[in-house]
Amino acid sequence: MKQQTIYLALTFLAAACSQPKSNEGETASAETTEPTLGLEKLWASDTLLTTSESVIYDETNDVLYVSCINGAPPDAKDEDGFIAKVSPADGSIIELQWVTGMDAPKGLGLIGSTLYVTDIDDIVAIDVTTGEIIQKTTVPDAVFLNDITTDDEGNVYFTDSGANRIHKLSADGELSLWIEDAEIGGPNGLLDDGDQMMMVAFGKGIFNTIDYASGTITQVADSLPGGDGIEKTGADYLVSSWHGRVFYVTAAGETTKLLDTSEAGANAADIEFIAKSNTLLVPTFFGNQVVAYKLTK
């Protein structure tokens, strides 16, 4: 397991040092010829959000939570990771190290007043009213826990990108292995979507649906290298590529590139979308920021 973990960490770092400077290697399906969609930049946070990986909006408290790995490699047991609180209005940092005591926090999921965070091989529960860690659950044989999604029944699903697994933490606290498939290609982003799960693979760059009832995996779109985060807008989706790109993907699999910050050396990690204001939030990983954009149609 240790060798697999080190290998995945090096993969992340190698990608950071050799981010593509053009669209070379992407197929024509990665963008349409005349996009009708666009992004208008609203604000960018300070660069204190070191190695910002995921962002989630808490509508009840009108605040953003940002997971910060705080340096590389992203699987180091160094106890320096933290969660920050950020204003959704202008990106100002409310409290930088709001929650500490983690190693490399990544995916975020919110159920009521409990924030769930993946941390290498732990799933961490935080009470947002106090900012205290209330539970840590170690996942057996975990390699590189990554993104999180939650459903209406209070279940938490999360990926292990290094082991091609998706785990489930039930509403009553039971941990189980939901899916394991060596052909997934490094599952990363997840999104609960009614009777199906949406999943994007980091390694293969494929956007899939997973049927809850049968577990059948069906491809929706490809050519999304470094697939990271997924958000829904209407009947369609926003999918980020860690290399610095965000794509608009229709339910039919038609793909339009909306953002490309790879030339600037900024990544696009686990995104968030606030539907009521059409605001896309992009954590830039090694860019150490969250950047907000207005989605225009």
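Residues numbered from 1 in each chain as written. Predicted model: local features only at pLDDT ≥ 70, side-chain atom pairs only at ≥ 80, totals over all residues. Heavy atoms only, no water.

Concerning the packing of aromatic side chains
Note on aromatic pairs: each is described by the distance of the centres and the angle between the planes.
Okay, so step 1: This structure, assessed with the given rule, holds 9 aromatic pairs.
Okay, so step 2: Arranged with centres 5.1 Å apart and planes meeting at 65 degrees, the rings of Y157 and W178 form a pair that is edge-to-face. With Y157 in strand β11 (residues 156-160) and W178 in strand β13 (residues 175-180), this pair connects stretches of sequence that are 21 residues apart.
Okay, so step 3: On the basis of relative accessible area, Y157 is assigned to the buried category, the value being 4%.
Okay, so step 4: Look at W178 and you get partly exposed, because its relative accessible area is 22%.
Okay, so step 5: Arranged with centres 4.8 Å apart and planes meeting at 90 degrees, the rings of F285 and F286 form a pair that is edge-to-face.
Okay, so step 6: Judged by its relative accessible area of 3%, F285 is buried.
Okay, so step 7: Ring-pair connections join several aromatic residues into one group, and the members of that group are F202, W242, F285 and F286.
Okay, so step 8: In this arrangement the basic side chain of K106 is found over the ring face of F144, its NZ or CZ atom lying 4.5 Å from the centre. (Phe/Tyr/Trp six-rings, centres within 6.5 Å; stacked < 30°, edge-to-face > 60°. Helix = DSSP H or I, 4+ residues; strand = E, 2+ residues; numbered from the N terminus. Buried < 20%, exposed > 50% of the residue type's maximum accessible area, 1.4 Å probe, protein only. Lys NZ or Arg CZ within 6 Å of the ring centre and 35° of its normal.)

Some details on the sheet that holds strand β21 (residues 255-260)
What holds strands together in a sheet is hydrogen bonding between their backbones, with the strands either parallel or antiparallel.
Okay, so step 1: Read across the open sheet, the 4 strands follow the order β18-β19-β20-β21; overall the sheet is antiparallel. Either end of the sheet is taken by a strand with one partner, and the two such strands are β18 (227-233) and β21. In this sheet, neighbouring strand axes are inclined to one another by 25 degrees on average, regardless of whether the strands run parallel or antiparallel.
Okay, so step 2: Note: strand β19 (residues 236-241) against strand β20 (residues 245-249), 5 bridges, orientation antiparallel. Directly across from Y237, in β20, lies its bridge partner V249. (Pairing = 2+ DSSP bridges. Axes fitted to C-alpha atoms, helices over the stretch in contact; angles between N-to-C directions.)

Points about the confidence of the model for the chain
Okay, so step 1: On average, residues of the chain score 90 in pLDDT, and 88% of them are at 70 or above.
Okay, so step 2: Low pLDDT, under 50, characterises residues 12-35; the predicted model gives this stretch 47 contacts beyond four residues in sequence or across chains. (pLDDT = per-residue confidence, 0-100. Contact = heavy atoms within 4.5 Å.)

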